[in-house]
Amino acid sequence: MTKKRVLSGMRPTGKLHLGHLVGALDNWVKLQASFDCFFMVADWHALMSEYEKPSTIREYSLDNVVDWLSVGIDPEISTIFIQSQVKEHLELNMIFSCLTPLSWVERVPTYKEQLKEIKNRDIHTYGFLGYPILQAADILIYNADAVPVGLDQLPHLELTREIGRRFNHLYKKDLFKEPKDLLTSSPKLLGVDGRKMSKSYDNTISLSETSESMHGKILSMFTDSTRIHKSDPGHPDKCNVHSYYNVFFPQDAAGIAAACRQSQLGCRDCKEDLARRLNELLKPIREKRKELLSEKKKILNLIEKGNLKAQAAASQTMQKIKDVIAL
Ligand code: TRP
Ligand code: SF4
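Conventions and cut-offs
Every chain's residues receive numbers from 1 upward, in the order its sequence appears when written. All chains are assigned letters beginning with A, and all ligands numbers beginning with 1, in the order in which they are written. Two thresholds apply to this predicted model, a pLDDT of at least 70 for residue-level local features and 80 or more for giving and counting side-chain atom pairs, whereas whole-chain, interface and lining totals are computed over all residues. Each side-chain value is worked out from all heavy atoms of the structure, with water and hydrogens disregarded. Put simply, DSSP H or I for four residues or longer makes a helix, DSSP E for two residues or longer makes a strand, and each gets a number counted from the N terminus. Radius of gyration: over C-alpha atoms. The globule rule applied is 2.2 Å multiplied by the number of residues raised to the 0.38 power. Here the term buried applies to any residue with accessible area under 20% of the maximum for its type, exposed to any over 50%, and partly exposed to those in between, with areas from a 1.4 Å probe on protein chains only. In this analysis, two residues are considered to be in contact whenever any of their non-hydrogen atoms come within 4.5 Å of each other. Under the convention used here, a 1.4 Å probe and the Shrake-Rupley method define accessible areas, while residue burial counts only the protein chains that appear. Asp and Glu are treated as the negative residues and Lys and Arg as the positive ones, with His and the ends of the chain left uncounted. Here the site of a charge means atom NZ of a Lys, CZ of an Arg, CG of an Asp or CD of a Glu. Two aromatic rings from Phe, Tyr or Trp, using only the six-membered ring of Trp, form a pair when their centres are within 6.5 Å; if the ring planes differ by under 30 degrees the pair is stacked, by over 60 it is edge-to-face, and anything between is tilted. In this scheme, the term charge over a ring applies when either NZ of a lysine or CZ of an arginine sits within 6 Å of the ring centre and within 35 degrees of the ring normal. In this analysis, axes come from line fits to C-alpha atoms, helices being fitted only over the stretch in contact, and the angle between any two N-to-C directions falls in the range 0 to 180 degrees. It is the rotation of the near helix from the far one that decides the hand of a crossing: anticlockwise by less than a right angle makes it left-handed, clockwise makes it right-handed. Polarity classes work like this: nonpolar for Ala, Val, Leu, Ile, Met, Phe, Trp, Tyr, Cys and Pro, charged for Asp, Glu, Lys and Arg, and polar for all others, with Gly in that last group. Think of it this way: DSSP has to see at least two bridges between two strands before they count as a pair. For a crossover, the right-handed case is the one in which the path from the first strand over the helix to the second runs clockwise, viewed with the strands pointing away from the viewer.

**Student:** Tell me what's going on with the overall build of the chain, and back it up with residues and numbers.
**Tutor:** Helix and strand content of the chain: 14 helices and five strands. The C-alpha radius of gyration of the chain comes to 22 Å, within 12% of the 20 Å expected for a compact globule of 327 residues. Its C-alpha atoms put the chain at 75 × 45 × 45 Å along the principal axes. Classification of the 327 residues of the chain by burial places 50% in the buried group. Put simply, of all contacts in the chain between residues at least 6 apart along the chain, 78% involve residues at least 24 apart. Of the accessible surface of the chain, which amounts to about 16,800 Å², a share of 54% is contributed by carbon and sulfur atoms. Charge-centre separation for the chain: the mean point of 46 positive side chains lies 1 Å from the mean point of 41 negative side chains.

**Student:** I'd like a rundown of the packing of aromatic side chains, residues and numbers included.
**Tutor:** Think of a pair of aromatic rings as described by two things: how far the centres are apart, and how the planes are tilted against each other in angle. By the definition in use, this model includes 13 aromatic pairs. Ring centres of Trp28 and Phe39 lie 4.3 Å apart, and the angle between their planes is 10°; on these two criteria the pair is classed as stacked. Within this pair, whereas Trp28 is found in helix H1 (residues 18-31), its partner Phe39 is found in strand S2 (residues 35-41), the two being separated by 11 residues in sequence. For the pair Trp28 and Phe39, a shared accessibility class is recorded, and that class is buried. Members of the aromatic cluster, connected to one another through ring pairs, are Phe96, Phe167, Tyr171 and Phe176. Over the ring of Tyr201 we find Arg195, and its NZ or CZ is 4.0 Å from the ring centre. A cation sits over an aromatic face here: Arg277 above Phe249, 5.1 Å from the ring centre.

**Student:** How would you summarise the packing of helix H11 (residues 240-248) against helix H13 (residues 267-293) if you had to cite specific residues and measurements?
**Tutor:** In the contact formed by H11 and H13, the axes pass within 10 Å of each other and the chain directions differ by 35°. As for how H11 packs across H13, the hand of that crossing is left-handed. Contacts between H11 and H13 pair Val241, Tyr244, Tyr245 and Phe248 from the former with Cys270, Lys271, Asp273, Leu274, Arg277, Leu278 and Leu281 from the latter. Of the residues assigned to the contact of H11 with H13, the class counts are eight nonpolar, no polar and three charged.

**Student:** Run through the side chain of Ser49, naming residues and quoting values.
**Tutor:** Along the polypeptide, Ser49 turns up in helix H2 (residues 43-50). Setting aside residues no more than four positions away along its own chain, Ser49 makes contact with Arg11, Thr13, Arg121 and Ile123.

**Student:** Quick rundown of the environment of Ile77? Include the residues and the values.
**Tutor:** Residue position: Ile77 is located in the loop between helix H3 (55-71) and strand S3 (79-82). In this structure the C-alpha to C-alpha distance between Ile77 and Ser211, which are 134 residues apart in sequence, comes to 31 Å.

**Student:** For the pairing of S2, give the residues involved together with the corresponding values.
**Tutor:** In terms of residue burial, S2 counts as a mostly covered element, since six of its seven residues are buried. Two strands pair when backbone bridges link them, and strand S1 (residues 4-10) and S2 are joined in this way by seven bridges, in the parallel orientation. Along S2, the bridge assignment pairs Val6 with Cys37. Handedness of the S1-H1-S2 crossover: right-handed.

Have a look at this one:
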């Protein structure tokens, strides 16, 4: 039986961090066993926010792929590719742009939110409005059966289905199927300062973080603010350090919580222990990264192979589309 196809992507706008690991990558790695996976570096999407300083995009594209490989994305099984290297995405983006009513993109909630939220960049552009249209092209050009996404991306997937349906309806074809969402029920991981983990808050722990730097960040974390002395009983449910135990070491989280409540564990020791454990967790990733980075040529080759494979799949769909829209 042929495997169903999955497509997902990430924007290369920075180094990947623990939030990406628990929010997406762990899941991607698992999906490889049961799906024909296409994992895309969404560099056009990155350009929409990074256009003032585009030089970082290529650098992060490679760095992110190195992280994917280091956590267990297997290029022998899955297709790793760069969006901009498969020109068909833009062709389909243009076609979809012609047939998507303006009101559909204007009402996408992420669009309105981002315009309000993003202060350090000017994304009041024509390109950014079209963000979800390009995403629809990414997904539909591969006839993906399923798309692993977080909650915030669900409206984009809904729009993708609507655009596919509109195409099928306009041209009386059954060309696009409706991709399902594989909602990643990821545990919420906050940054070391207790806010959402995000590079713009400078509160991340990256996958390539050195052990020293991670140690410093973890020791700087706030704990239960009502706890001054070790003899004060702690409230692990109000402590971000404990939430890290929940996410990464769930089998031990209850024991830590009990010791904390009974004043048997001090915050300093608790954080030292977390830093040590996280270091164990990141060590193999760090080592794999180092090994991969020493053979950059190999990675570039593997991406090139992925680009060609993706291009072959994308051009098949484009051929069918051009039978309908012949210019
Ligand atoms: N918008 C996605 C994000 O920011 C990235 C992305 C681009 C994507 N194209 C995609 C995700 C296609 C899934 C499918 O996370
Ligand atoms: Fe948080 Fe650990 Fe301190 Fe308890 S002992 S408050 S879980 S850091």
